[in-house]
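Observations on the three-dimensional arrangement
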Amino acid sequence: MVPLFYNARSLWARRLSTGLTVLGLGLVVFVFSAVLMLANGIESALAAGGDPANAVILRKGATSELVSGVERDAVRILATDPAVASGQQGEPLVAGELVVLVALPRGEQAMNTTARGVEPESFTARPEVRLISGRRPRPGTNEVALGRALVGSSPDATLGGELRFAQQRWPVVGVFEAGAGAFESELWADATRLGGAFNRPGYSSALVRLRSAEDMAAFEKRVEADPRFTLEAKPEPTYWAEQASGLATFIRVLGLFVSFVFSLGAVLGAMITMYAQVATRIAELGMLRAVGFRRRSVLASVVAESLMLGAAGGLLGALGALTTRWLHVRTLNFQTFSEVSFGFTPTPGILLGALLFGTMMGLIGGLLPALRAARLSILDALRA
Amino acid sequence: MSLEAVPAPPPMVRLEGVSKTYRRGTVEVPVLEAVDLAIDPGAFVAFMGPSGSGKSTLLNLISGLDQPTTGIVEVAGRNLAELNDRELSDWRAAHVGFVFQLYNLIPVLTAAENVELPLLLTPLSRAERRKHVAAALDVVGLSHRVGHRPPQMSGGEQQRVAIARAIVTDPDLIIADEPTGDLDRKAAEAVLDLFGVLHHDLHKTLVMVTHDPHAAERAERVHHLEKGVLQ
Ligand SMILES: Nc1ncnc2c1ncn2[C@@H]1O[C@H](COP(=O)(O)OP(=O)(O)OP(=O)(O)O)[C@@H](O)[C@H]1O
Ligand SMILES: [Mg+2]
């Protein structure tokens, strides 16, 4: 075997081009691992939301509240379940909720915002939702409360302002926070008024607070088995985790696609560098072949050198991505998810994947130059 | 006569009816024609001749870097035509030491590491390799430069490192194509003195191509090539 320190020192001897190539590879690996860490961060941030004693009721098979529907009668039936917790006046903590998208003006354009029609129990069952100014909307009126991420996002979206949508006026009477969860980018209004304005007689979902999280499994089975409706119940954290996984998967797929496209450039860079390494060392390679190193050894030597480039790029990218741990993304505006705060969460798997990805790019970039080196005619190489 | 009863030792190198033709487009260029040659073990042979007469081509055939168009090349009893590319590589590693005009050292490796390269193709342990490297560098008088790299050495010193690399595996045959071609008088003499040591003390078979009559004088026998024909 041609010794590896020969390759390492040859790379070092041309450290400018080596460095630039490693930087290029590192950038791609950085994007690759940062995106995976971000998707991870989203999952863990959003999955953390929700109360395990709260059940979200959706139509069976519905993947989100937006595409779900729950009859008013069904909500009344759910309220009679023995596991349901009671409020201070003995009322069952069950709320039918209606989720619609409203368009609020933002400059010239309109901004899609999630409006949640709620009932008083919606607040009671979610202690993490707390008013930070103003008051709750009164039931039976058009009053709305804004999630704090929405404040200022549209000209009238402030305490005391008046929103207009669905040909009606909606005065803002309160602003709430929700522990950095997704509710902070919603506006909450009375479910019945909102349903009237949008011509929606039913609900999208129901929120049921149970006496204890331990009742959840049995409650889920009862809802599933009840012949009076075709609904399913799931714990609130599970629902949010599912919502997050859709978003995280989207980010992952997009990130991997972007990394793949960038990687073509980085592989090309590695290939050019390795071709140059081979070209400047033709006489050395010819000597190695003359003294008896086989074609295969020369091939392996060039591939090993390229793997070193790739591994260095992988290491650089992974280390770079680790520094994003201290970054926190506060605003990422997606269609329905806006203003969620999350970080980049590394895992050993992602870091290992980053190293492998870098090494892989080195391997692919080095193959053709290595073949060229192995196929050299010894006499031509010695004459060079 | 009793002299006839003693069989002559088989030659180290035997060429029989060797010719080499290069093809340039549709034109065939004959480079070597009907070369017959025998070199005894332990001989020191020099080839001279004008540029383009085919000296390097002949050397490449003997050292297994090239194949003849017709004829037989036999080295140490082995017909080289019988070996494929991989076997030829192994054969060269075991039997041939090379000295090039431009030394062909690896600039990023130290003298010792350069000399060690051919030993990496042998089953020797690291400690044994160290010993052989030290001995070879001692023969060429460069024991004090083991850790130096080629760019820090003069041309003559580099060529001596290259000679150490050529002898470190103790090959049967040492091939040198214009080993003093790039050296000044003094450095050339040092290299030629070394060849004398390899010849007289180590009994190596040496085949050298040179333009330099002084260098050729050191050989036991000088062959002249003229337009591909051995004179
Ligand atoms: N690969 C090749 N293709 C075509 N012609 C070649 C090739 N290699 C060598 N020749 C030709 O063969 C002839 C002999 O070349 P060779 O290198 O053996 O000469 P030489 O005697 O060593 O010359 P010099 O003293 O200049 O080194 C030259 O005319 C050369 O151009
Ligand atoms: Mg020549």
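Keep in mind that what you see is a predicted model, and the values were worked out from it rather than measured.

**Thoughts on the overall build of chain A**
Scanning chain A from N- to C-terminus turns up 11 helices and 12 strands. Its C-alpha atoms give chain A a radius of gyration of 30 Å, more than 25% over the compact-globule value 21 Å for 384 residues. In terms of its C-alpha atoms, chain A occupies a principal-axis envelope of roughly 95 × 50 × 30 Å. Out of the 384 residues in chain A, the part that is buried amounts to 51%. The long-range share in chain A, meaning contacts at least 24 apart out of those at least 6 apart in sequence, stands at 79%. As presented, chain A carries roughly 17300 Å² of accessible surface, and 62% of it is formed by carbon and sulfur atoms. Side chains of chain A give 36 positive and 31 negative charges; the mean places of these two sets differ by 14 Å.

**As for the overall build of chain B**
In terms of regular secondary structure, chain B is built from 8 helices and 10 strands. Over its C-alpha atoms chain B spans a radius of gyration of 18 Å, differing by no more than 12% from the 17 Å that the globule rule assigns to 231 residues. Its C-alpha atoms give chain B principal-axis dimensions of roughly 45 × 45 × 35 Å. Counting contacts in chain B only where the partners sit at least 6 residues apart, residues at least 24 apart contribute 72% of the total. For chain B, the accessible area works out to roughly 10800 Å², and carbon and sulfur atoms hold 52% of it.

**Considerations on the site of ligand 1**
Taken together, 14 residues are adjacent to ligand 1, and B:Ser51, B:Gly52, B:Lys55, B:Ser56 and B:Thr57 come closest. Two or more chains meet at ligand 1, and those chains are chains A and B. Between ligand 1 and B:Arg24 there is a distance of 3.2 Å, counted from an oxygen atom to a side-chain nitrogen or oxygen. For ligand 1, whose unbound accessible area comes to 640 Å², protein coverage reaches 70%. Going through the elements one at a time, strand 1 (13-24) and helix 2 (55-62) of chain B are the ones with two or more residues in the shell around ligand 1. Take the shell around ligand 1: its biggest share by element is 3 residues, from helix 2 of chain B. Among the residues forming the shell around ligand 1, the class breakdown is 3 nonpolar, 7 polar and 4 charged.

**What about the nonpolar core?**
As a rule of thumb, nonpolar side chains are buried together in soluble globular proteins. By size, the foremost hydrophobic cluster in this structure holds 83 residues, and its most contacted members are A:Leu288 and B:Leu15. Per-element tally for this core: the top contributor is helix 2 (residues 15-47) of chain A, with 12 residues. Each residue touching A:Leu288, except ones within four places of it in the same chain, is listed here: A:Val2, A:Tyr6, A:Phe293, B:Ile106 and B:Leu117.

**Focus: the UniProt feature "transmembrane region" (unreviewed entry) in chain A**
Residues and elements named next belong to chain A. If you check UniProt for "transmembrane region" (unreviewed entry), the listed places come out as residues 253-276, 297-322 and 350-371 in our numbering. With 100% helix and 0% strand, the stretch residues 253-276 has end C-alpha atoms that lie 35 Å from each other. The span residues 297-322 shows a helical share of 100% and a strand share of 0%, and its end C-alpha atoms are spaced 37 Å apart.

**Observations regarding helix 6 (residues 155-167) of chain B**
Each full turn of the α-helix corresponds to 3.6 residues, which orients residues three or four apart in the same direction. Taking 1.5 Å of rise per residue, the 13 residues of helix 6 of chain B would be expected to cover 18 Å, and the 19 Å separating its terminal C-alpha atoms lies within 8% of that figure. Along helix 6 of chain B, 12 of the 13 residues are buried, which leaves the element largely enclosed by surrounding structure. Every buried residue belonging to helix 6 of chain B is among B:Gly156, B:Glu157, B:Gln158, B:Gln159, B:Arg160, B:Val161, B:Ala162, B:Ile163, B:Ala164, B:Arg165, B:Ala166 and B:Ile167, and all of these are buried. For helix 6 of chain B, the secondary structure elements touched by its buried residues are helix 8 (282-290) of chain A together with strand 6 (96-99), helix 4 (111-116), helix 5 (126-139), strand 7 (173-177) and helix 7 (185-200) of chain B.

**What to know about the packing of aromatic side chains**
All names here are of chain A. Under the defined criterion, the tally for this structure stands at 10 aromatic pairs over all chains. Relative to Trp188, the ring of Phe176 lies with its centre 4.9 Å away and its plane at 45°, an arrangement referred to as tilted. Note that Phe176 is positioned in strand 7 (residues 168-177) and Trp188 in strand 8 (residues 186-190), a separation of 12 residues in sequence. Grouping residues by exposure puts Phe176 and Trp188 together as buried. Aromatic pair Tyr239 and Trp240: ring centres 5.3 Å apart, planes at 70°, arrangement edge-to-face. An aromatic cluster of three or more residues is present, and its members are Phe123, Phe176, Phe183, Trp188, Tyr239 and Trp240.

**Observations concerning the pairing of strand 6 (residues 162-165) of chain A**
All names here are of chain A. Residues Leu163 and Phe165 line the buried face of strand 6, whereas the alternating positions Glu162 and Arg164 sit on a face that is not buried. Here strand 6 pairs with strand 7 via 4 bridges, running antiparallel. By the bridge assignment, Arg164 is partnered in strand 7 with Arg169.

**What about the interface of chain A and chain B?**
With 22 residues of chain A at the contact, the number on the chain B side is 24 residues. Linking chain A with chain B are 4 salt bridges, by the criterion used here. For A:Arg9, the salt bridge identified is with B:Glu113, shortest N-O distance 2.6 Å. Connecting chain A to chain B are 9 residue pairs in polar contact (both at pLDDT 80 or more). Secondary structure elements with two or more residues in the side of chain A that touches chain B: helix 1 (4-13), helix 8, helix 9 (295-322) and helix 11 (378-383) of chain A.

**A few points about the pattern of salt bridges**
When the charged atoms of two side chains lie near each other, side chains of opposite charge can form a pair. Residue and element names in this part refer to chain B. Taken as a whole, this structure holds 36 salt bridges over all chains when the rule is applied. Here Arg145 ties to Glu157 by a salt bridge, and the two come within 2.9 Å at their closest N and O atoms. Residue Arg145 is found in the loop between helix 5 and helix 6, and its partner Glu157 is found in helix 6; the two are separated by 12 residues along the sequence.

**Looking at the sheet that holds strand 8 (residues 205-209) of chain B**
Residues and elements named next belong to chain B. Read across the open sheet, the 6 strands follow the order 6-7-8-3-9-10; overall the sheet is mixed. Each edge of the open sheet is held by one strand with a lone partner, namely strand 6 and strand 10 (229-230). Summarising the sheet, strand 6 and strand 7 pair through 4 bridges and their orientation is parallel. In the sheet register, Phe98 faces strand 7, and the bridge partner there is Ile175. Against the sheet, helix 3 (residues 85-95) engages strand 6 and strand 7, with an angle of about 80° to strand 6. Across the face of the sheet, helix 6 comes into contact with strand 6 and strand 7 while running at roughly 170° to strand 6.

**Points about the domain arrangement of chain A**
Partitioning chain A into structural domains gives domain 1 (4-47 + 243-383) and domain 2 (54-211). The C-alpha centroid of domain 2 of chain A is placed 48 Å from the C-alpha centroid of domain 1 of chain A.

**Let's talk about the environment of A:Ile57**
Residue and element names in this part refer to chain A. Mapped onto the elements of the fold, Ile57 is located in strand 1 (residues 54-59). Spatially, the C-alpha atoms of Ile57 and Glu43 are 22 Å apart, while their sequence positions differ by 14 residues. Those residues in contact with Ile57 that sit more than four places away from it in its chain are Val70, Leu78, Ser204, Ser205, Ala206, Val208, Phe219, Leu231, Glu232 and Ala233.

Calculation notes
- Residues numbered from 1 in each chain as written.
- Chains lettered and ligands numbered in written order.
- Predicted model: local features only at pLDDT ≥ 70, side-chain atom pairs only at ≥ 80, totals over all residues.
- Heavy atoms only, no water.
- Helix = DSSP H or I, 4+ residues; strand = E, 2+ residues; numbered from the N terminus.
- Rg over C-alpha atoms; globule rule 2.2 N^0.38 Å.
- Buried < 20%, exposed > 50% of the residue type's maximum accessible area, 1.4 Å probe, protein only.
- Contact = heavy atoms within 4.5 Å.
- Areas by Shrake-Rupley, 256 points an atom, 1.4 Å probe, with all protein chains shown as cover.
- Lys, Arg positive; Asp, Glu negative; His and termini not counted.
- Charge placed at Lys NZ, Arg CZ, Asp CG, Glu CD.
- Near = heavy atom within 4 Å.
- Polar contact = N/O pair within 3.5 Å; in protein donor to acceptor, adjacent residues only side chain to side chain.
- Nonpolar A, V, L, I, M, F, W, Y, C, P; charged D, E, K, R; others polar.
- Core = buried A, V, L, I, M, F, W, Y, C linked by side-chain atoms within 4.5 Å.
- UniProt positions renumbered as here; feature names shortened; annotations may be inferred.
- Expected span 1.5 Å × (residues − 1).
- Phe/Tyr/Trp six-rings, centres within 6.5 Å; stacked < 30°, edge-to-face > 60°.
- Pairing = 2+ DSSP bridges.
- Salt bridge = Lys/Arg side-chain N within 4 Å of Asp/Glu carboxyl O.
- Axes fitted to C-alpha atoms, helices over the stretch in contact; angles between N-to-C directions.
- Domains from an automatic or database assignment.

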